[in-house]
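What follows is the residue order along each chain.
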Amino acid sequence: MSEEPVVEGQEEKQKVFPDEYWQYDREGAYRTIKAMPDHIRAGYRLGEGVRPARSFSRVVVAGMGGSGIAGDLLKELVDYDNDTKVVVETAKGYDAPKTVDGDTLLIAVSYSGNTEETLSTYKTAARKGCQVLLVSSGGKLEELAKVNRHQHLKLPKDLQPRMAVAYLFFPLLRVLENAGVVKSYAQEVDELAAALRRQDVSAKAAELSGKCYGKTPLIYADQSFYPVAYRWKTQFNENAKTTSFCHAFSEMNHNELLSFENRAGAYHAFFLSTDKEHRRVAKRIALAKDVLQQKGVSVTEINIKGPLLKQVFTTIYLGDLTSFFLALRYGTDPTPVELIERFKRDLGPFLI
Ligand code: PA5
């Protein structure tokens, strides 16, 4: 059943955010972000018929930036929400990990299908006789799938990679489900999409964007939730075009905590807590919040309850919208990433 994406009308938009700001959303990022519930359902369906031919004990997900996050999230769900011995690793460079062998499923994910690091990792891994699944909306990855007769999962076109996060992640989860590596997520996916459609988090996100306006957003989360903190950081970078940094508990207590001693600059710290952290980590988060506040850093704690998949995507949704509103506050169109594109052009062609 297809439902219309939930997007507020002009009147509702004005209630959330002053009228003069909406002009900066020239390419419709708001509509795309708000369509996440539909992307979730459609992404999960995309993976339905994709079944690895044989079993495997290791999964390597190669991908960069907005595509690569799908691998980080997959690792999180496999490690912290499932009882399996299958290991998921991510590869974010030019070479496949040394451990890739015939017992590995290599998933190369690139929304454009043209990211050189991902193409290179695919090439080095494929030589080692692993199973291969290629995921893209087209590009060289699709061409190579045809030439090398590798399975290809085609994504819908015309999105920014980072705005296709649900299309990138949910098919991968479904493939691991089809392979018997993870439990069935059908019901959780359904409930998650329905919950996101029901929730009106735009006003909350608009308010959060005000808290970090003119400041560098810092994002902290437990190690098990780190990919979500990283997603917030990269969305601040790419949507709001601002510096942002993230770190994980409890490692940050062993170094970064001290950094506010001499230079507690213009920061706003977001603590993304779940109810699943080790009880000592929950205590560490509370203490660290106090330390930062004493140093003059403003803080916000975000705590989304429920199953891990729901926590992950509800928090991502809120972060995506927060960075969207921050972009508007800066008078910036959230969608284009011209500098990244120019940088890729400046690198010149890469022959694999
Ligand atoms: O968000 C972006 O545009 C980037 O982070 C890209 O995702 C990254 O450069 C990799 O490109 P692709 O996702 O097409 O593989």
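Anything mentioned here points back to the structure above.
Worth saying up front: this structure is predicted, and the values here are computed from it rather than measured.

1. As for the site of the ligand
The environment of the ligand is made up of Met 64, Gly 65, Gly 66, Ser 67, Ser 110, Tyr 111, Ser 112, Thr 115, Pro 161, Arg 162, Glu 238 and Lys 344. Between an oxygen atom of the ligand and a side-chain N or O atom of Ser 112, the distance comes to 2.7 Å. Residue Thr 115 places a side-chain N or O atom 2.5 Å away from an oxygen atom belonging to the ligand. In isolation the ligand has 370 Å² of accessible area, and contact with the protein removes 93% of it.

2. A look at the sheet that holds strand S7 (residues 245-249)
Strand order in the open sheet formed by four strands is S7-S6-S8-S9, with parallel pairing between adjacent strands. Edge positions in the sheet fall to S7 and strand S9 (298-303), since each of these pairs with one other strand and no more. Mean inter-strand twist for the sheet, computed between neighbouring axes without regard to direction, equals 20 degrees. Note: strand S6 (residues 216-222) against S7, five bridges, orientation parallel. Paired with Asp 222 across the two strands is Phe 249, which belongs to S7. On the sheet, helix H9 (residues 202-212) packs against S6, strand S8 (267-273) and S9 and is oriented at approximately 135 degrees with respect to S8. On the sheet, helix H11 (residues 279-294) packs against S6, S7, S8 and S9 and is oriented at approximately 170 degrees with respect to S8.

3. Concerning the pattern of salt bridges
In the structure shown here, the tally under the stated rule is 14 salt bridges. Lys 75 is the salt-bridge partner of Asp 79, the closest N and O atoms lying 2.7 Å from each other. In this pair, Asp 79 and Lys 75 are both assigned in helix H4 (residues 65-81), four residues apart and thus about one turn of the helix distant. A relative accessible area of 30% means that Lys 75 is categorised as partly exposed. Among the salt bridges present, the one from Glu 142 reaches Lys 154, with a minimum N-O distance of 3.1 Å. In this pair, Glu 142 sits in helix H6 (residues 139-148) while Lys 154 sits in strand S5 (residues 151-154), placing the two residues 12 residues apart along the sequence. Looking at Glu 142, the relative accessible area reads 18%, which means it is buried. Note on Lys 154: relative accessible area 38%, which makes it partly exposed. One network of salt bridges, in which partners are shared, links Arg 58, Glu 89 and Asp 101.

4. Quick notes on the packing of H4 against helix H7 (residues 165-178)
Two elements in contact, H4 and H7, have axes separated by 9 Å at closest approach and are oriented at 40 degrees. In this view, H4 runs oblique relative to H7, as classed from their interaxial angle. The way H4 lies across H7 gives a crossing that is right-handed. Taken together, the residues of H7 that come into contact with H4 (itself represented by Gly 66, Ser 67, Ile 69, Ala 70, Leu 73, Leu 74, Leu 77 and Val 78) are Val 165, Leu 168, Phe 169, Leu 172, Leu 173 and Leu 176.

5. Side note on the side chain of Arg 174
Following the sequence through the fold, Arg 174 ends up in helix H7. As a buried residue without a salt bridge, Arg 174 has its nearest oppositely charged side chain in Glu 177, at a separation of 4.1 Å. A polar atom in the side chain of Arg 174 sits 2.9 Å from the backbone oxygen of Tyr 44. Beyond its immediate sequence surroundings of up to four residues, Arg 174 is in contact with Tyr 44, Arg 45, Gly 47 and Glu 48.

6. Some points on the sheet that holds strand S2 (residues 87-91)
One open sheet holds the five strands; their spatial order is S2-S1-S3-S4-S5, and the pairing between them is parallel. For this open sheet the edge positions go to S2 and S5, each flanked by a neighbour on one side alone. Here the strands of the sheet are splayed against their neighbours by 20 degrees on average, with no regard to which way each runs. The pairing of strand S4 (residues 131-136) with S5 spans four bridges and is parallel. Within the sheet, the bridge partner assigned to Val 135 lies in S5 and is Leu 153. Sheet strands in contact with H4 are strand S1 (58-62), S2 and strand S3 (104-109), and its direction is about 160 degrees off that of S2. Sitting on the sheet, H7 touches S1, S3, S4 and S5, and the angle it makes with S3 is about 165 degrees.

7. Section: the environment of Asp 333
Among the structural elements, Asp 333 can be located in the loop between helix H12 (308-329) and helix H13 (338-347). Judged by relative accessible area, Asp 333 falls into the buried class, the value being 9%. Here the alpha-carbon distance between Asp 333 and Gly 71, two residues 262 residues apart in the chain, equals 27 Å. Those residues in contact with Asp 333, other than ones at most four positions away along the chain, are Tyr 24, Asp 25, Arg 26, Glu 27, Asn 239 and Lys 241.

8. Comments concerning the packing of helix H3 (residues 36-46) against helix H8 (residues 186-198)
Following both chains from N to C, one finds H3 and H8 inclined at 165 degrees, their axes separated by 8 Å at the closest point. When the axis of H3 is compared with that of H8, the two are roughly antiparallel. In this structure, the crossing between H3 and H8 has a hand that is left-handed. On H8, the residues that touch Met 36, Pro 37, Asp 38, Ile 40, Arg 41 and Tyr 44 of H3 are Ala 186, Val 189, Asp 190, Leu 192, Ala 193, Ala 194, Leu 196 and Arg 197. In the contact of H3 with H8, the residues fall into 10 nonpolar, no polar and four charged.

9. Describing H4
A turn of α-helix holds 3.6 residues, and therefore any two residues three or four places apart point the same way. With 17 residues, H4 should reach 24 Å at 1.5 Å per residue; the first-to-last C-alpha distance of 24 Å fits that figure. Across the 17 residues of H4, 13 count as buried, placing the element largely inside the fold.

What counts and what doesn't
- Residues numbered from 1 in each chain as written.
- Predicted model: local features only at pLDDT ≥ 70, side-chain atom pairs only at ≥ 80, totals over all residues.
- Heavy atoms only, no water.
- Near = heavy atom within 4 Å.
- Polar contact = N/O pair within 3.5 Å; in protein donor to acceptor, adjacent residues only side chain to side chain.
- Areas by Shrake-Rupley, 256 points an atom, 1.4 Å probe, with all protein chains shown as cover.
- Pairing = 2+ DSSP bridges.
- Helix = DSSP H or I, 4+ residues; strand = E, 2+ residues; numbered from the N terminus.
- Axes fitted to C-alpha atoms, helices over the stretch in contact; angles between N-to-C directions.
- Contact = heavy atoms within 4.5 Å.
- Salt bridge = Lys/Arg side-chain N within 4 Å of Asp/Glu carboxyl O.
- Buried < 20%, exposed > 50% of the residue type's maximum accessible area, 1.4 Å probe, protein only.
- Parallel < 35°, antiparallel > 145°, perpendicular 65-115°, else oblique.
- Left-handed = near helix turned anticlockwise from the far one by under 90°.
- Lys, Arg positive; Asp, Glu negative; His and termini not counted.
- Nonpolar A, V, L, I, M, F, W, Y, C, P; charged D, E, K, R; others polar.
- Expected span 1.5 Å × (residues − 1).

Read these as spatial facts, not as claims about activity.
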